[in-house]
Amino acid sequence: MLMHYFVPKRCTESNKIMYHDKATAQQAADQSWRERGTELWVYRCEFCGTWHLTHRNPQSSYAYVPFNQQLKPHSRKKGYKPRRK
């Protein structure tokens, strides 16, 4: 017997699965949490207008800066090289 598998449509920009509404995308995120323990968030794509899932929490929308680069004061001198002897 031939099984027909559902192939989801994908966004041309992000190659992510396209969900037509927020509720459907949220159901998929919840299912991912139940089955794999993977926490996903739902957001609307600025390119295609449908809904996608992401691993990054949109609430913390700041750019990620590694901890070892956060507190270091940066020199104002651009391209400073020590003088050769």
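Residues numbered from 1 in each chain as written. Predicted model: local features only at pLDDT ≥ 70, side-chain atom pairs only at ≥ 80, totals over all residues. Heavy atoms only, no water.

**Some words on helix H1 (residues 22-36)**
Applied cut-off: Helix and strand labels come from DSSP, where a helix needs a run of H or I of at least four residues and a strand needs a run of E of at least two; each type is numbered from the N terminus. One less than the residue count of a helix, multiplied by 1.5 Å, gives the span that helix is expected to have. When accessible area is computed with a 1.4 Å probe and restricted to protein chains, residues below 20% of their type maximum are described as buried, those above 50% as exposed, and intermediate ones as partly exposed. Starting at the helix axis, one direction is taken to each C-beta atom, and the arc is that of these directions. Residues count as neighbours in contact if any of their non-hydrogen atoms are within 4.5 Å of one another.
The first and last C-alpha atoms of H1 sit 21 Å apart over 15 residues, in line with the 21 Å expected at 1.5 Å per residue. Turning to H1, its buried residues are Ala25, Ala28, Ala29 and Ser32. Considered in projection along H1, the buried side chains sweep an arc of 100° and stay on one side of the axis. Across H1 from its buried face, at more than 90 degrees, point the exposed residues Ala23, Gln27, Trp33 and Arg34. If you follow the buried residues of H1, they end up packed against strand S1 (41-44) and strand S2 (51-54). Just downstream of H1, Gly37 is the residue with a positive phi angle, here 70°.

**Here's the deal with the pattern of salt bridges**
When their charged atoms lie close together, side chains carrying opposite charge are able to pair. To be explicit about the condition: Each salt bridge in this description consists of a side-chain nitrogen of Lys or Arg and a carboxyl oxygen of Asp or Glu lying within 4 Å of one another.
Taken as a whole and judged by the stated rule, the model has one salt bridge. Residue Glu35 pairs with Arg36 through a salt bridge whose shortest N-O separation is 3.7 Å. Both residues of the pair, Glu35 and Arg36, count as exposed.

**Let's talk about the pairing of S1**
Stated precisely, the cut-off is as follows: Strands are labelled as partners when DSSP assigns at least two bridges between them.
Bridge count for S1 against S2 is four bridges, and the pairing is antiparallel. Pairing of Trp41 across the sheet is with Thr54, part of S2. Once S1 ends, the chain turns through six residues before running back antiparallel as S2, passing Gly49 with a positive phi of about 80°.

**Focus: the nonpolar core**
Convention followed: Buried residues of nine kinds, namely Ala, Val, Leu, Ile, Met, Phe, Trp, Tyr and Cys, make up a nonpolar core once their side-chain atoms join them within 4.5 Å.
Formed by Tyr19, Ala25, Ala28, Ala29, Leu40, Val42, Trp51 and Leu53, the largest nonpolar core amounts to eight residues. Elements with a minimum of two residues in this core: H1 and S2. When residues in this core are grouped by element, the largest group, three residues, is from H1. Setting aside anything within four residues of it in sequence, one finds Trp51 in contact with Ile17, Met18, Tyr19, His20, Asp21, Lys22, Ala25, Val42, Tyr43 and Arg44.

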